[in-house]
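# Geometric and topological summary
These are the residues of each chain, in order.
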Amino acid sequence: MAELRLEELTAQTIVAARNLALKPGQAAFIAPETYVHVEQDLDPAGSWPRVVMDGDHLVGYVMGAFDADATEDFLKAALWRVHVEADAQGAGVGRFAVQALADEARRRGFDRLTVVWASGEAGPEEFFKAVGFEVVGETPYGENLGALAL
Ligand SMILES: CC(C)(COP(=O)(O)OP(=O)(O)OC[C@H]1O[C@@H](n2cnc3c(N)ncnc32)[C@H](O)[C@@H]1OP(=O)(O)O)[C@@H](O)C(=O)NCCC(=O)NCCS
């Protein structure tokens, strides 16, 4: 894998990011129920979507959501999405994306990054733990609330 880099979304990459092929069973985990219920409260100005490029090839997508004034702590600096193309998984792209978002959160003055995920066979639990998130609670929808100290 060449050197990974982040890029802002363009008309072309939005489509490619939406069409990233995942592994069987993974699509069920990309939108936790907890997030679906609070999505309308997100401040669009705090949205931080980026694609991860490996040379000319789009291999991942990450979206952060920032809102220092959010009433819920887990919406202040949140990892909203991270997807890595099936063929590029297991090579550090996801870790790179999370680190980039953590750097951005730190730059904005936050001291922790949070994420919500559902437990399950093809889910991201082991990934989130491997990159440093600790389970700090459970949401009202029975999903895991993880936090990464920055
Ligand atoms: C979760 C996901 C983003 C991980 O991306 P990735 O590029 O394969 O992850 P990386 O290669 O950077 O792995 C980083 C660490 O996590 C570990 N890891 C990743 N997936 C794992 C799995 N399924 N089981 C166990 N460990 C896993 C890796 O072993 C690695 O650990 P190490 O550095 O200690 O060796 C990817 O599998 C994916 O896109 N899943 C579908 C979408 C999804 O569920 N997103 C999260 C919710 S939006």
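Just so you know, these numbers come straight off a predicted model, no measurement behind them. (Residues numbered from 1 in each chain as written. Predicted model: local features only at pLDDT ≥ 70, side-chain atom pairs only at ≥ 80, totals over all residues. Heavy atoms only, no water.)

### Side note on the pattern of salt bridges
Just so we agree on the cut-off: Here a salt bridge means any side-chain nitrogen of Lys or Arg lying within 4 Å of a carboxyl oxygen belonging to Asp or Glu. Secondary structure elements are taken from DSSP: a helix is a run of H or I of four residues or more, a strand is a run of E of two residues or more, and numbering for both begins at the N terminus. Relative accessibility decides the category of a residue: with a 1.4 Å probe and only protein chains considered, values under 20% of the type maximum give buried, values over 50% give exposed, and everything between is partly exposed.
Inspection of every chain in the model, using the stated rule, returns 8 salt bridges. Residues Glu8 and Arg50 are paired through a salt bridge, measuring 3.8 Å at the closest nitrogen-oxygen approach. Taken together, the residues Glu8 in strand E1 (residues 4–8) and Arg50 in strand E2 (residues 47–54) connect sequence positions 42 residues apart. Using a relative accessible area of 55% as the deciding quantity, one classes Glu8 as exposed. For the salt bridge of Glu39 with Arg81, the shortest nitrogen-to-oxygen distance reads 3.6 Å. In this pair, Glu39 is assigned in the loop between helix H2 (33–38) and E2 and Arg81 in strand E4 (residues 77–84), connecting sequence segments 42 residues apart. Arg81 gets classed as buried once you look at its relative accessible area, which sits at 16%.

### Some thoughts on the packing of aromatic side chains
Quick reminder of the rule: Note on aromatic contacts: the rings of Phe and Tyr and the six-membered ring of Trp form a pair at centre separations within 6.5 Å, being stacked when their planes are under 30 degrees apart, edge-to-face when over 60 apart, and tilted otherwise.
In the structure shown here, the tally under the stated rule is 5 aromatic pairs. Plain terms: the ring middles of Phe66 and Phe110 are 5.6 Å apart, the flat faces sit at 20° to each other, and that makes the pair stacked. Of this pair, Phe66 sits in strand E3 (residues 57–66) while Phe110 sits in the loop between helix H3 (93–107) and strand E5 (112–117); the two residues are 44 residues apart in sequence, bridging distant segments of the chain. Across the pair, exposure class does not vary: Phe66 and Phe110 are buried alike. On the basis of an interplanar angle of 35° and a centroid distance of 5.3 Å, the ring pair of Trp117 and Phe128 is categorised as tilted.

### Things to note about the site of the ligand
Heads up, the condition is: Nearness of a residue to a molecule or strand requires only that one of the residue's heavy atoms be within 4 Å of it. N or O atoms closer than or at 3.5 Å make up a polar contact, with two conditions inside protein: a donor-capable atom paired with an acceptor-capable one, and, for residues adjacent in sequence, both atoms drawn from side chains. Three classes are used: nonpolar for Ala, Val, Leu, Ile, Met, Phe, Trp, Tyr, Cys and Pro, charged for Asp, Glu, Lys and Arg, and polar for all others, with Gly counted as polar.
The local shell around the ligand holds 20 residues, among which Val82, Val84, Gly90, Gly92 and Arg95 are the closest. Here Val84 contributes a backbone N or O atom positioned 2.7 Å from an oxygen atom of the ligand. Here Ala91 contributes a backbone N or O atom positioned 3.2 Å from an oxygen atom of the ligand. Breaking the shell around the ligand down by element, the ones donating at least two residues are E4, H3 and helix H4 (125–130). For the shell around the ligand, a count of residues per class yields 11 nonpolar, 6 polar and 3 charged.

### Focus on the sheet that holds strand E6 (residues 134–138)
To be explicit about the condition: Should DSSP find at least two bridges between two strands, the strands are regarded as paired. What counts as an axis is a line fitted to C-alpha atoms, over the stretch in contact for a helix, and the angles between N-to-C directions run from 0 to 180 degrees.
On the basis of which strands lie adjacent, the open sheet formed by 7 strands has the order E1-E2-E3-E4-E5-E7-E6 and mixed pairing. Looking at which strands have only one partner, the edges of the open sheet turn out to be E1 and E6. Between one strand axis and the next, the sheet turns through 30° on average, direction left out of account. Inspection of the sheet shows E1 paired to E2 by 5 bridges, in the antiparallel sense. Residue pairing in the sheet places Leu6 in a bridge with Val52 of E2.

### Here's the deal with the UniProt feature "domain: N-acetyltransferase" (unreviewed entry) in the protein chain
Operational definition: UniProt positions are given in the numbering used here, feature names are shortened, and annotations may be inferred rather than shown by experiment.
With numbering aligned to this structure, UniProt lists the feature "domain: N-acetyltransferase" (unreviewed entry) at residues 4–150. Across residues 4–150, the secondary structure splits into 24% helix and 33% strand, with the terminal C-alpha atoms separated by 22 Å.

### Brief notes about the environment of Ala68
The line we're drawing: Residue contacts are counted whenever heavy atoms from the two residues lie within 4.5 Å of one another.
As for its position among the elements, Ala68 is in the loop between E3 and E4. Excluding residues within four positions of it along the chain, Ala68 makes contact with Lys76 and Phe110.

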